[in-house]
Amino acid sequence: MAFNRPMLRTSYQEDTAIFPTYFQKGAASLFFVVLILLGLGAPIVSSIPSFFLGSTWINPITNMLPLAIAALGINILVGVTGQVSLGHAFFMGVGAYTAVALGGNGDEWQACVPFHQELGLLEQEGQCGLGLPIWIWLPFSGIGAALAGIIVAPAAVKVRGLYLAIVTVGLVFIGLHLGRMLPSIAGDFESGRKWPKLDFRLWKEETPLVSFTEDGKWFGLIHLTEEQKQYFLLIMILGAFMLFAKNLVRSRTGRALQAIRDRDIAAEVMGVPEFNYKRLGFAISSFYAGIGGALWASYNGRMAPVNWSLFLSVDFIAILLIGGAGTVAGTILGTIFVELTPEVVKTFTEWLGEQTASNGPVAWLANILLTEGSGDFGPISTGTVALGWPMSVFYWNLVIYGVLIIAFLIFEPMGLYGIWVKVRNYWKRWPFSY
Amino acid sequence: MMTALQLAQTGAGATFLQTLVKALALGSVYVLIALGFVIVFKATQVLNFAAGAIAMAGAMFMSILISDGGIPLLPFDNPLAPAEGEAASIPMWGVHVLIALVFAALFGLVLERVAIRPMVGQPLFAMAVVTLGIEVAVRPFNLDATALESRNLGVPWKAETWELAGAIVPKSYVAAVVLAAIGSTAVLLFFRSRLGVAMRAVAFDQEAAMAQGINVGRVFAIAWGLGAALAALGAITYGMAPFPPGGNVSQEIHPILAFRVLPVIVLGGLDSIAGAIVGGVMIASAEIFAGQYLSQYNDTLGSGYSTIVPYLVMLVVLVVRPFGIFGTPEIRRV
């Protein structure tokens, strides 16, 4: 039986299976069940995230799901095709603004009337978007971003390695400028505009066919809150994209992309047209980015052009390196780790703040770390987010995040997936070490 | 009629001269930071995305020294700080610049030792991402811990100007060019010195350099220290010259200053000193001249369009010459 020995597969079918071992089949099924139970708010299962993330745990988790879609996209470009890109935020922005141009309507503008009146934007034609339903704007946001990817590809394919990284940095800054240039689509540069909601309509009717933004009964069966509905919707979309990403790697196209990653000249010698496949890699990756960007903006409701900055791209590179480049499971692990660590730190600090009054080591730690007001030397400020030396948790999270990127690259270059592989191999080979 | 035409012509000439001086001043900033990038890349093959954070830390340190008169949280005053409300004399100001550069160099040394040295031998991209991590981790300290929107650099000549053939030339622009000239001469001289030759040897072939008895680790450290100091000098120069921040370290422009220099090193080639100098002046000229002479199309192009001109130039250059104008083409072997 093959699954007794690490990495030994006896047939091609077995080698390309989505879940090659019984353990993986079991773990995947269990994970699936847990996800559904989480969405339904089952008592024991949901106590785990609520311990780490506080009582509103479903919000950071749902917010993470569109980013996971975009992360799968950059995994296809960087992890599978081997083209280092720091321009993912640009493609996410393209997708998001395609979505808002197609799906937005007048309502979204009313929320920020003072700003737009000041800018003289309210009189302009076509600023509100066409008001089309989600089944049109969501696919087109992906297609729009993929087209942007195809347009950029000829320039990007010419350069390799670090030069490609720099070119894609330039792309992000050009995108930011476009956001400033076109306030009729993007809204004010700092405060942005609102996005169409996730509700499913057949056309422009008043009441949506399936509502995702109001508490209520779903299909007359089950009562869910707004957050739970969005969680389920995004989980389903993410699942479909995960399946596609997994299948892509198993197909002829995926093998061609991997051949280019491993050695581009050798791939060309074997008859893989380098330019076509690199362009395809850019297109698929940007498609994911566009869908992810549109869903993320739509879930958050309001986005400003500054959101699609270089640091969003760096997020995805970090996700890839911390999770483990080239694998779907690693990408998802990385997204969970990168996006939820700041929330965990925040919850921990809040908990610590409540402990200052008590006695014992926890209170001692709290007194060292936290500062209320000024004059105290604690590095973490518990007050409102203000500038100044005791830095707020928000800024400390950025520091932790940067240090985590460095630490993972130095100590575990394969990322979380690499840790899992090590543990698995140790377990399977026990009591032998090799 | 004649006089009006002449006036118009002198006006145009003065505008051109003014624009040229401004382009040279911005070019000086770009040259300094680009030289920092190139030295680090030549010696260690690392594209230092953290240059912006290091540079801003240096400029911030100087501004704390000179306008706060000491370091916060430490019980020690700066004995050289100018009296309250007075500007420092030019030599004193120079001393402060030197102290800030030493601080930046030390900072660069520490970063190299902690984060870069353990990564030697890893893929280039992994190293570049480590520097991105440094950028992310240092940036909050630059932006937040210092509490102010923009901080004064105590420039002795403030916004004083000279007049030259009808054109108004701020003293800061001239000082920027002088600083850049000093910086690039120092770099060129450094590469003639014993240590500089060692660095060139390491850049050429690490193993062969080691076999000749060169301490590669020390060369790495010196390259990072030098690169950090040059980047900080660039940031101080930018803060000093009356570009938008106007004698201050700005919270908005300084953090992305190093990213604005990326087109310069792409244009010049990642590993070419001459490329950094020529590329810096060219990119800055493109930016400033586009900003001056296309300003009538501001409504169509969007305000601040001149800042993306470098990226557009970079895209065009890369499509035509993928390794920059002076860069070494990478030979791909099967």
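The structure under discussion appears in the preceding block.
Structure report, in brief. (Residues numbered from 1 in each chain as written. Chains lettered and ligands numbered in written order. Predicted model: local features only at pLDDT ≥ 70, side-chain atom pairs only at ≥ 80, totals over all residues. Heavy atoms only, no water.)

### A closer look at the interface of chain B and chain A
Right, so step 1: Across the contact, 54 residues belong to chain B and 45 residues belong to chain A.
Right, so step 2: For the pair chain B and chain A, the summed buried area comes to about 4500 Å², and 81% of that belongs to carbon and sulfur atoms.
Right, so step 3: Our count for the chain B to chain A interface comes out at 0 salt bridges.
Right, so step 4: Every element with two or more residues in the side of chain B that touches chain A is listed here: α3 (90-116), α4 (124-143), α9 (257-268), α11 (298-301) and α12 (309-320) of chain B.
Right, so step 5: Per-element accounting of the side of chain B that touches chain A gives the leading share, 16 residues, to α4(B).
Right, so step 6: Of the residues in the side of chain B that touches chain A, the class split is 40 nonpolar, 7 polar and 7 charged. (Contact = heavy atoms within 4.5 Å. Buried area = accessible area lost by both parts, 1.4 Å probe. Salt bridge = Lys/Arg side-chain N within 4 Å of Asp/Glu carboxyl O. Helix = DSSP H or I, 4+ residues; strand = E, 2+ residues; numbered from the N terminus. Nonpolar A, V, L, I, M, F, W, Y, C, P; charged D, E, K, R; others polar.)

### Brief notes about the side chain of A:His177
Right, so step 1: Here A:His177 is to be found in helix α9 (residues 161-181).
Right, so step 2: Since its relative accessible area comes to 3%, A:His177 is described here as buried.
Right, so step 3: With residues up to four places along the chain from it excluded, the contact list for A:His177 reads B:Leu301, B:Gly302, B:Ser303, B:Gly304, B:Tyr305 and B:Ile308. (Buried < 20%, exposed > 50% of the residue type's maximum accessible area, 1.4 Å probe, protein only.)

### A look at a nonpolar patch on the surface
All names here are of chain A.
Right, so step 1: On the surface, Phe-32, Val-33, Ile-36, Leu-37, Leu-40, Phe-219, Leu-221 and Ile-222 cluster together to form a nonpolar patch covering roughly 780 Å² of accessible area.
Right, so step 2: For the nonpolar patch, the element with the highest residue contribution is helix α2 (residues 22-40), accounting for 5 residues.
Right, so step 3: Mapping Ile-222 onto the fold places it in strand β3 (residues 222-224).
Right, so step 4: On the basis of relative accessibility, which here comes to 36%, the residue Ile-222 falls in the partly exposed class. (Patch = residues over 30% accessible without salt bridge, like charges linked within 9 Å, V, L, I, M, F, W, Y side chains within 5 Å. Areas by Shrake-Rupley, 256 points an atom, 1.4 Å probe, with all protein chains shown as cover.)

### Considering the pairing of strand β2 (residues 161-164) of chain B
Every regular strand shows the same layout, with side chains that alternate between the two sheet faces.
Residues and elements named next belong to chain B.
Right, so step 1: By the bridge criterion, 4 bridges tie β2 to strand β3 (residues 167-170) in an arrangement that is antiparallel. Each residue of the ladder has a partner; that of Leu-164, found in β3, is Ala-167.
Right, so step 2: Counting the residues that bridge the hairpin from β2 to β3 gives 2 residues, and of these Ala-165 lies at a positive phi of roughly 50 degrees. (Pairing = 2+ DSSP bridges.)

### Quick look at the environment of A:Leu248
Right, so step 1: Tracing the chain through its elements places A:Leu248 in helix α11 (residues 226-250).
Right, so step 2: Setting aside residues no more than four positions away along its own chain, A:Leu248 makes contact with A:Ile76, A:Thr253, A:Gly254, A:Leu257 and A:Ile284.

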